[in-house]
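Given next are the chains, with one letter for each unit.
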Amino acid sequence: MSILVIGSVALDTIETPFGKRKDILGGSATYFSYSASFFTGVNLVAVIGDDFPKKHIGLLKSRGINLDGLKVIKNGKTFRWSGSYKYDMNEATTHSTDLNVFETFNPQIPERYKNSEYVLLANIDPDLQLNVLSQVKKPKLIAADSMNLWINTKKPSLMKLLKKIDIFIINEGEARLFTKQPSLIKAGRMILGYGPKHVVVKKGEHGCLLFSKNGFFSAPAYPIEDIFDPTGAGDTFAGGFIGYLAKLNKTHTEHDLRKAIVYGSVMASFNVESFSLERLKKLTDKEIQARYKQFKEFTHIK
Ligand code: AMP
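For clarity, every value in this text was computed on a predicted model and none was experimentally measured.

K.L.:
How should I be thinking about the packing of helix 8 (residues 233-248) against helix 9 (residues 254-271) in this particular structure?
P.N.:
Angle between the axes and distance between the axes: these two values describe a pair of packed helices. The interhelical angle for the contact between helix 8 and helix 9, taken along N-to-C directions, is 140°, at an axis separation of 7 Å. The angle between the axes of helix 8 and helix 9 places the two elements in the oblique class. Both helix 8 and helix 9 take part in a crossing whose hand is right-handed. Facing A233, T236, F237, G240, F241, Y244, L245 and L248 of helix 8, the residues of helix 9 in contact are D256, L257, K259, A260, I261, Y263, G264, S265, M267, A268 and N271. Residue composition of the contact of helix 8 with helix 9, by class: 12 nonpolar, five polar and two charged.

This is the structure in structure tokens:
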């Protein structure tokens, strides 16, 4: 089974209380793809400029991620994002977003991606997410992520998208911004009313909430003492979450969704331990399973 993913492949400049890095590998699709590749095959759709370091391409290839849909623009400049975090690392402050090659990107989905059964529309302009969706044939499951920039600037496109997807993943601040609701429970239910079958509201170090038409689940985050850089935690979560569902490759039950949420949380917990994909690069399947087991023990009541 494999997942088609569209989103940003980026060079990030990040400052946390523990350090600063310039032009490091980032992007919603990068984190998602790398994380999902521990569970299933990934077909990536994105665009970069020819300033994008070749070693990053090698890294994605080393996980078997299919890059036929990664367009390289000659003399183009790769998408860049710059942000920082204070001691409360749940909220990033964006300093700049330079769409660069994404500004004129018109994704052409490679023929062999069109029958993808799982689709993840990682955070990017909702018009690009809709464009990609219109090119795939009959996916079994479509999930999407978004952020405050698109809620503020492209709400009508986002509302259109929500009618076409199964799972919407969003963080708590964005859920409140989207619905103008201080209560996350009300916000989650309201977003369900916009169309998706399930809504996941991520709460950073406080875990996440899953809303379904007939169900509700609340999971804590895996307790990590040293959060170094939270960038990409949401996308890494989504990679584990949707990656696990794609690996199951069946009509998912509420129970499957709960397990998938825990796999997503486990993947995110590794990602925050260092900048960029540094921790994920060293990650093994054995470590994922060990943390999943621990997570169950930490949250179990007899
Ligand atoms: P997360 O921390 O999971 O929300 O995602 C962080 C990643 O999202 C960073 O690596 C950025 O490159 C990327 N990103 C930030 N802003 C945008 C945007 N407007 N569109 C697409 N990707 C973005």
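And the narrative resumes.
K.L.:
Looking at this model, I keep getting lost on the layout of surface pockets. Mind explaining?
P.N.:
It is the rolling of a water-molecule-sized probe over the atoms that shows where space remains empty. Taken as a whole, the second largest pocket encloses approximately 280 Å³ of empty space. Elements with a contribution of two residues or more to the lining of the second largest pocket: strand 13 (215-219), helix 9 and helix 11 (285-299). For the lining of the second largest pocket, the residue count by class is six nonpolar, four polar and three charged.

K.L.:
How do you make sense of the nonpolar core when you look at a structure like this?
P.N.:
It is characteristic of soluble globular proteins that their nonpolar side chains tend to be buried jointly. Within the largest apolar cluster, 106 residues are counted, with the highest numbers of intra-cluster contacts made by L121, I167, F241 and I242. If you tally residues by element for this core, the top one is helix 9, at nine residues. In this view, L121 contacts I6, Q129, V132, L133, I142, A143, A144, D145, L161 and I165; residues no more than four positions away in its chain are not counted.

K.L.:
Just to check I follow, could you spell out the packing of aromatic side chains for this structure?
P.N.:
Aromatic ring pairs are reported here in terms of the distance separating the ring centres and the angle at which the planes meet. Counted by the stated rule, this structure contains 15 aromatic pairs. With a centroid separation of 6.5 Å and 85° between ring planes, the pair formed by F18 and Y87 is classed as edge-to-face. In this pair, F18 is assigned in the loop between strand 2 (10-16) and strand 3 (19-26) and Y87 in the loop between strand 6 (80-84) and strand 7 (93-98), connecting sequence segments 69 residues apart. What makes F18 partly exposed here is its relative accessible area of 42%. Between the aromatic rings of F39 and Y263, the centroid separation amounts to 5.5 Å while the plane-to-plane angle is 75°, which identifies the pairing as edge-to-face. Of the two residues, F39 is situated in the loop between helix 1 (28-36) and strand 4 (41-49) and Y263 in helix 9; the sequence distance between them amounts to 224 residues. For the pair F39 and Y263, one class covers both residues: buried. Taken together, the aromatic side chains of F18, Y87, F228 and F275 make up a single cluster linked through ring pairs. Taking the ring centre of F38 as reference, the NZ or CZ of R63 above it sits at 3.8 Å. Residue placement shows R291 over the ring face of F270; its charged tip is 3.8 Å from the ring centre.

K.L.:
Would you mind showing me how to read the site of the ligand here?
P.N.:
Around the ligand lies a shell of 21 residues, among which S8, D12, G27, G232 and D235 are the nearest. A distance of 2.8 Å separates a nitrogen atom of the ligand from a polar side-chain atom of S8. With respect to the ligand, the side chain of D235 contributes an N or O atom lying 2.8 Å from an oxygen atom. Alone, the ligand offers 510 Å² of accessible surface; in the complex the protein occludes 88% of this.

K.L.:
Please clarify how the side chain of S28 should be interpreted in this entry.
P.N.:
With respect to the element layout, S28 can be found in helix 1. In terms of polar contacts, S28 uses its side chain to reach the backbone carbonyl oxygen of N123, at 2.7 Å. Sequence-distant contacts of S28, defined by excluding residues within four places in its chain, comprise G7, S8, A122, N123 and D235.

K.L.:
It is not clear to me how the packing of helix 6 (residues 172-179) against helix 7 (residues 184-193) should be interpreted in this structure. Could you clarify?
P.N.:
Packing of helix 6 against helix 7 brings their axes to within 9 Å, and their N-to-C directions diverge by 65°. Comparing the axis directions of helix 6 and helix 7 gives the class roughly perpendicular. Our pair here, helix 6 against helix 7, has a crossing hand that is left-handed. Residue-level inspection shows E172, A175, R176, F178 and T179 of helix 6 in contact with helix 7, the latter providing L184, A187, M190 and I191. Along the lines of polarity and charge, the residues of the contact of helix 6 with helix 7 split into six nonpolar, one polar and two charged.

What counts and how
- Residues numbered from 1 in each chain as written.
- Predicted model: local features only at pLDDT ≥ 70, side-chain atom pairs only at ≥ 80, totals over all residues.
- Heavy atoms only, no water.
- Axes fitted to C-alpha atoms, helices over the stretch in contact; angles between N-to-C directions.
- Helix = DSSP H or I, 4+ residues; strand = E, 2+ residues; numbered from the N terminus.
- Parallel < 35°, antiparallel > 145°, perpendicular 65-115°, else oblique.
- Left-handed = near helix turned anticlockwise from the far one by under 90°.
- Contact = heavy atoms within 4.5 Å.
- Nonpolar A, V, L, I, M, F, W, Y, C, P; charged D, E, K, R; others polar.
- 1 Å grid on protein atoms, 1.4 Å probe; cavity = no way out; pocket = protein on both sides within 12 Å on 5 of 7 lines; lining within 4 Å.
- Points joined across faces, edges and corners; volume = space filled by probe spheres on them.
- Core = buried A, V, L, I, M, F, W, Y, C linked by side-chain atoms within 4.5 Å.
- Buried < 20%, exposed > 50% of the residue type's maximum accessible area, 1.4 Å probe, protein only.
- Phe/Tyr/Trp six-rings, centres within 6.5 Å; stacked < 30°, edge-to-face > 60°.
- Lys NZ or Arg CZ within 6 Å of the ring centre and 35° of its normal.
- Near = heavy atom within 4 Å.
- Polar contact = N/O pair within 3.5 Å; in protein donor to acceptor, adjacent residues only side chain to side chain.
- Areas by Shrake-Rupley, 256 points an atom, 1.4 Å probe, with all protein chains shown as cover.

Spatial relationships are all this shows, so hold off on functional conclusions.
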